[in-house]
Amino acid sequence: MELTSETIDGITVIQISGRLEAANKDKLKAAVDDCLAETQVNFLIELDGLDFIDSSGLGCLVACLRRADQAGGTLKITGLKNY
């Protein structure tokens, strides 16, 4: 999985490509936690480049949503593919 992020108008945009699965989900959690530590609480997760997601990857997205919500922010997801 490759992950890039940038902040645009107070929203952290995280682009994910490759596979989001048990082996690498902690990389996404760490990226969100780092942003929350810097009081960046609004996220847009772009999944346009995602080839595969397993149940732990989905659980990771839900956990990141909860963390953002608890910090008073929001997390939105875009680019879902219909397989």
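How each quantity is defined
- Residues numbered from 1 in each chain as written.
- Predicted model: local features only at pLDDT ≥ 70, side-chain atom pairs only at ≥ 80, totals over all residues.
- Heavy atoms only, no water.
- Core = buried A, V, L, I, M, F, W, Y, C linked by side-chain atoms within 4.5 Å.
- Buried < 20%, exposed > 50% of the residue type's maximum accessible area, 1.4 Å probe, protein only.
- Helix = DSSP H or I, 4+ residues; strand = E, 2+ residues; numbered from the N terminus.
- Contact = heavy atoms within 4.5 Å.
- Pairing = 2+ DSSP bridges.

## A short note on the nonpolar core
Counting residues in hydrophobic clusters, the biggest one holds 19 residues, and the most contacted among them are I14, I16, L28, V32, F43 and I45. Sorting the residues of this core by element identifies β2 (11–20), α1 (25–37), β3 (42–53) and α2 (55–70) as the ones contributing at least two each. Looking at which element gives the most residues to this core, the answer is α1, with 5 residues. With residues near it in sequence (within four places) discarded, L28 still touches M1, L3, I14, I16, L20, I45, C60, L61 and C64.

## Re the pairing of strand β1 (residues 2–8)
With 7 bridges connecting them, β1 and β2 associate as antiparallel partners. Counterpart to L3 in the pairing with β2 is I16. The hairpin turn running from β1 into β2, its antiparallel successor, is 2 residues long, and D9 in that turn takes a positive phi close to 50°.

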